[in-house]
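Below, each chain spelled out in residue letters.
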Amino acid sequence: MSAAFDEKIHGTLADPKLQFAIYKATGRLVEERRKAIEPDLCPDYQELRTHANSIKRHTIEHLDHYLEEFARQVEAHGGKVIFCKDAEEVSDFVLSLAKERHAHLIVKSKSMTTEEIDLNERLEHHHLEAVETDLGEYIIQLAHERPYHIVAPALHKTREQVADLLTEKLGVARETVIEKQTMIARGVLREKFLAADIGISGANFLIADSGAVVIVENEGNARLTTSAPRIHIAVAGIEKLIPRAQDLAVFLKLLGRSATGQRLTVYTSFLSGPKRGEEIDGPEEFYVVLLDNGRTKVLADSEKRQSLYCIRCGACLNHCPVYRKIGGHSFPWVYSGPIGAILTPQFLGVRHEPGLPFASSLCGACAEVCPVKIEIPRILLELRSDVKKAEARDGAGRIERLMFRIWAWVMRHPRIYEMAGMAAGSIAPSGEGRWIRHVPLNAGPLAAWLSQRDLPPAAPKSFRQLWRSR
Amino acid sequence: MSRESVLHKVRTALGRSAGQPVEEPLPPRLVVPAVPMEHRIRSFRERIEALAGKTYEAMSAIDACEYVSGVLAGRTAVASNSPILRDCRISSLAGVQSGITDAAELRAVCSTAACGISGADFGLADTGTLVMLSSREEARLISLLPPVYIAVVARERLLTGLDELLTILPHPAEQTSSMVLITGPSRTADIEQILVRGVHGPGEIHVVVV
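Note that the coordinates shown come from a computational prediction; the quantities given were computed from them, not determined experimentally.

Peer 1: Is there a simple way to think about the sheet that holds strand β8 (residues 158-159) of chain B in this case?
Peer 2: Strand pairing within a sheet occurs via backbone hydrogen bonds; the two strands may be parallel or antiparallel. The strand order across the open sheet built from eight strands is β8(A)-β5(A)-β6(A)-β9(A)-β9(B)-β6(B)-β5(B)-β8(B), with neighbouring strands paired in mixed fashion. Either end of the sheet is taken by a strand with one partner, and the two such strands are β8 (241-242) of chain A together with β8 of chain B. Note: strand β6 (residues 129-133) of chain B against strand β9 (residues 178-182) of chain B, four bridges, orientation antiparallel. Counterpart to B:Val131 in the pairing with β9(B) is B:Leu181.

Peer 1: Where do I start with the environment of A:Asn318 in this structure?
Peer 2: All names here are of chain A. Here Asn318 is to be found in helix α14 (residues 315-318). Judged by the 30 C-beta atoms lying within 10 Å of it, Asn318 is buried. Residues Asn318 and Gly27, 291 residues apart in the sequence, show an inter-C-alpha distance of 7.0 Å. Here Asn318 is in contact with Thr26, Leu29 and Val30, once residues within four sequence places are set aside.

Peer 1: Is there a simple way to think about the packing of helix α9 (residues 159-170) of chain A against helix α10 (residues 178-195) of chain A in this case?
Peer 2: The relative placement of two packed helices is expressed as an angle between their axes plus a distance between the axes. Residue and element names in this part refer to chain A. Taken N-terminus to C-terminus, the directions of α9 and α10 make an angle of 30°; their axes are 10 Å apart at the nearest point. Crossing geometry of α9 relative to α10 is assigned as left-handed. The residues of α10 that touch α9, namely those facing Arg159, Val162, Ala163, Leu166 and Leu170, are Ile178, Gln181, Ile184 and Val188. In the contact of α9 with α10, the residues fall into seven nonpolar, one polar and one charged.

Peer 1: Explanation requested: the nonpolar core in the structure shown.
Peer 2: Ranked by internal contacts, the top residues of the largest apolar core, which has 183 residues, are A:Leu67, A:Phe251, A:Val289, A:Leu290 and B:Val152. Counting residues per element, this core draws most heavily on helix α12 (residues 248-260) of chain A, at eight residues. Beyond its immediate sequence surroundings of up to four residues, A:Val289 is in contact with A:Ile82, A:Cys84, A:Val90, A:Phe93, A:Ile233, A:Ala234 and A:Val235.

Peer 1: Hey, could you run me through the sheet that holds strand β1 (residues 54-57) of chain B in this one?
Peer 2: All names here are of chain B. If you trace the six strands from one edge of the open sheet to the other, you get β1-β12-β7-β4-β2-β3, paired in parallel fashion. Of all strands in the sheet, those bounded by a partner on one side alone are β1 and β3 (96-97). Across five bridges, strand β4 (residues 115-119) lies against strand β7 (residues 148-153) in parallel orientation. Bridged to Gly116 within β7 is Tyr149. Here helix α2 (residues 37-50) sits on the sheet in contact with β1 and β12 (204-209), set at roughly 155° to β1.

Peer 1: Honestly, the packing of helix α16 (residues 337-348) of chain A against helix α18 (residues 376-393) of chain A in this entry has me stumped. Any pointers?
Peer 2: Residues and elements named next belong to chain A. The contact between α16 and α18 brings their axes to 10 Å, and the two run at 35°. In the packing of α16 onto α18, the handedness of the crossing is left-handed. Each of Pro338, Ala341, Ile342 and Pro345 in α16 lies in contact with α18, whose residues at this interface are Ile376, Ile379, Leu380 and Leu383. Grouping the constituent residues of the contact of α16 with α18 by class yields eight nonpolar, no polar and no charged.

Calculation rules
- Residues numbered from 1 in each chain as written.
- Chains lettered and ligands numbered in written order.
- Predicted model: local features only at pLDDT ≥ 70, side-chain atom pairs only at ≥ 80, totals over all residues.
- Pairing = 2+ DSSP bridges.
- Helix = DSSP H or I, 4+ residues; strand = E, 2+ residues; numbered from the N terminus.
- Buried ≥ 20, exposed ≤ 12 C-beta atoms within 10 Å, placed from the backbone.
- Contact = placed C-beta atoms within 7 Å.
- Axes fitted to C-alpha atoms, helices over the stretch in contact; angles between N-to-C directions.
- Left-handed = near helix turned anticlockwise from the far one by under 90°.
- Nonpolar A, V, L, I, M, F, W, Y, C, P; charged D, E, K, R; others polar.
- Core = buried A, V, L, I, M, F, W, Y, C linked by C-beta atoms within 7 Å.

Below is the structure:
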């Protein structure tokens, strides 16, 4: 585990207000989801999951076919598709289009994919104003932070912090009533929507047979982003495809329920191309940017490619005992929680934060709630193995490997095992039934491991002794 | 830019070759229950009201027009070019602007009007959802910019739910560049999970079933 990871975790654990905010928000989302999938409201919930998993598997296994079909359909409806291998290609495309069209102001609706490639920073670097319009995203953009949670980006901010932020950044009188804070943001952002030249959105789904971008949201900012400016650019990972519009029947039901417990979110937009002949409003130009940025690397591993089924509902974060303690900003990349723990090492390499796949109790809650049934714990185990292999290649972890080799040898020799057990029992502190909170070992290879753990006292008689005397 | 190279990487990762055929995916899972119209109307209204929307079941075109007139209460409004609004004479109510076909004019009117009024192509009974297809009759911004939104939907347009919509409309992209499902007023809970309505879209919606 890197020092930075360790430090952020301890910072979060030591902040009681933050602990309460995370606990309350994730707890509420867990409860909303639970109510929404109760058998009388959603009797076929498990069948929906199985079906969604099967559709995602099929699409990912034949992704080249569906990408080509999607591109053909977008072009048939007068839109353009741009394949980009990385962040730089995306920003180059947006910058050159903005220059050609003399665009200065960009409005954005919430998109984890553009967070992943730091698009705002790249555009601002070239003097383009890119404004986030989802309320939570707007708050964290003002604060220059990363989203704390996939669906609730400003989950960690209190109304007092938001009040300070609005006063500092917008010069408005300090306002601590949440309704009024929201209306201040609405007023500022409404002007931006009407003045913007380009709207950049993400995509929840890309529909191959329609060439359509599907966006779900509650605020209306994605509808404004994709309807008001004369140019709409959707930026999406190549894994967002599903074959047919009719498949939405399954995915929309799962996404709303898993994310916020809604049967459907307030707005679902199904957008295919620029406005047509007699339509009154809508963008005149429509672009879909399809981003690789490491996804083809994930795709190449037949075991772990299921990581790409993710529909970004955030349920695994809400149910994760680790996320609920260490929060979103402890994670080393934009994707946090269990899904972040499996995506980050695969996108950025296992050396980026070797401690990440180990920061899990493998309790399995994430896999149980995942609407597309990604086997997150199994992938974490594979990644742990990848971390250890990488360390071995780097020549690190020698002592650990030696100890495991000795352990394996001892385990195969019952007599030696018994002797070792007796020896360990005789030197281990006996706590008279109480757990040992502080193991008196503050140096050596086990010191860091023991500093985080309590040990049970040694039993007076070993299992083998008890077995023999029965 | 990288089209061929990305597609090539995808194929290599999957061990596929260009143009290699694809087996059929699972058939779509669409379940359309038989629900009598009276039940659909009841469910549709209940769901919208559960989300703090208001509903009204009009017995006639005149009844619908009177209800809308009452909601407007003299406020300015912009109405879409939907035939149902003309048939109910809602388009010609005092203070209602209608018949706009120019995008710039529409945007200007929608930015200042207190209310937006439109028809709806369909209603989804089990979720209380309005389905709006963009066309020369229905603009996108009418249901989006004004703080109050009124939708008028013909009762025979009430479907059981999303599955029925996708059954009768398997390819929405063939008909419109934009199909939007609207389920209740615009809302957010981004600050301390406190629910606030009307953050970007309308915070108040009225749905009239005729």
